[in-house]
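# Reading the structure
Okay, here's what each chain looks like letter by letter:
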Amino acid sequence: MNYIMSLITTFGPIFSSNQAYFEKNVRPVIEAKCASCHAGMAGQDWTQYKSAKRAMSKINFRVFVLKNMPPMSSPALTAQESSILKSWIDSEKSEN
Ligand code: HEC
């Protein structure tokens, strides 16, 4: 536990907790449900934190407002995946 805390302290300034959350929880969701299509599209490799963060509002809009991503032909987000994605977006927003 102390070891983990010291890692967080050490990397804190360059590795935000939002990014840590993204790497651990959000990336696997994107890999499972979005990357098969989007990783190949220009600028849409959202398995990378920076590009995902840049596209965050669009992702929010399509997944949670229009609810048309992933497309109906593809496996939907599970309730858990959906809440992971939503919590990440909410905490990024509250930081700005
Ligand atoms: C089966 C392939 C496929 C999957 C899976 C998929 N998408 Fe898409 N997505 C597309 C295509 C094709 C477009 C472009 C056409 C359109 O806008 O509907 C698109 C468009 C989008 C856009 C708009 C991009 C822009 O620049 O305007 C967003 C945001 C998006 N998808 C997010 C997601 C997210 C987040 C996931 C995973 C939860 C996902 N998509 C899963 C095929 C897919």
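Within every chain, residues take consecutive numbers counted from 1 along the sequence as written. It should be noted that, the model being predicted, local features are given only for residues of pLDDT at least 70 and side-chain atom pairs only at 80 or more, the latter also being counted only at that level, while totals for whole chains, interfaces and linings use all residues.

### Remarks on the overall build of the protein
Where we set the bar: Secondary structure follows DSSP: runs of H or I at least 4 residues long count as helices, runs of E at least 2 residues long count as strands, and numbering of each begins at the N terminus. The burial label depends on the number of other C-beta atoms within 10 Å of a residue's C-beta. Counts of 20 or more mean buried, 12 or fewer mean exposed, and intermediate counts mean partly exposed, with C-beta atoms placed from the backbone. Think of it this way: build a C-beta for each residue from its backbone, and any pair within 7 Å is a contact.
A count of helical and extended segments in the protein gives six helices and zero strands. Counting helices and strands in the order they occur from the N terminus, the protein gives α-α-α-α-α-α. For the protein, buried positions account for 15% of its 96 residues. A fraction of 52% describes how many contacts in the protein between residues 6 or more apart in sequence connect residues 24 or more apart.

### A look at the site of the ligand
Here is the rule: In this entry, near means the residue's backbone-placed C-beta atom lies within 6 Å of the molecule or strand. Three classes are used: nonpolar for Ala, Val, Leu, Ile, Met, Phe, Trp, Tyr, Cys and Pro, charged for Asp, Glu, Lys and Arg, and polar for all others, with Gly counted as polar.
Contacts to the ligand come from 15 residues, most closely from Cys34, Cys37, Lys58, Met69 and Pro70. Where the shell around the ligand is concerned, the elements lending two or more residues are helix H3 (35–38) and helix H5 (56–65). Residue composition of the shell around the ligand, by class: nine nonpolar, three polar and three charged.

### Describing the nonpolar core
Our working definition: Note on terminology: a nonpolar core is a set of buried residues of type Ala, Val, Leu, Ile, Met, Phe, Trp, Tyr or Cys, with members joined through C-beta atoms within 7 Å.
Core analysis: the largest hydrophobic core is formed by eleven residues, namely Phe22, Val26, Val29, Ile30, Cys34, Trp46, Ala52, Leu77, Leu85, Trp88 and Ile89. Those elements that provide at least two residues to this core are helix H2 (17–33) and helix H6 (79–95). Considering each element in turn, this core owes the most residues, four residues, to H2. Excluding anything up to four places from it in sequence, Leu85 contacts Val26, Val29, Val63 and Leu77.

### Some points on unusual backbone geometry
Residues Met69 and Pro70 are joined by a peptide bond in cis, for which omega reads -10°. For Lys67, which is not glycine, the phi torsion reads 55° and is therefore positive.

### Some words on the packing of H2 against H6
Relative placement of two packed helices is described by the angle separating their axes and the distance separating the axes. We apply this condition: Axis definition: a line fitted to C-alpha atoms, limited for helices to the stretch in contact. Angles are taken between N-to-C directions and run from 0 to 180 degrees. Should an angle fall under 35 degrees it is taken as roughly parallel, and over 145 as roughly antiparallel, whereas 65 to 115 is taken as roughly perpendicular and any remaining angle as oblique. Should the near helix be turned anticlockwise from the far one by less than a right angle, the crossing is left-handed, and should it be turned clockwise, the crossing is right-handed.
Following both chains from N to C, one finds H2 and H6 inclined at 140°, their axes separated by 10 Å at the closest point. As summarised for this structure, H2 and H6 are arranged oblique, according to the angle between their axes. Note on packing geometry: the crossing formed by H2 with H6 is left-handed. From H2, Asn18, Tyr21, Phe22, Asn25, Val26, Val29 and Lys33 reach across to H6, where they touch Glu81, Ile84, Leu85, Trp88, Ser91, Glu92 and Glu95. Grouping the constituent residues of the contact of H2 with H6 by class yields seven nonpolar, three polar and four charged.

Purely spatial values, then, with no claim about function.
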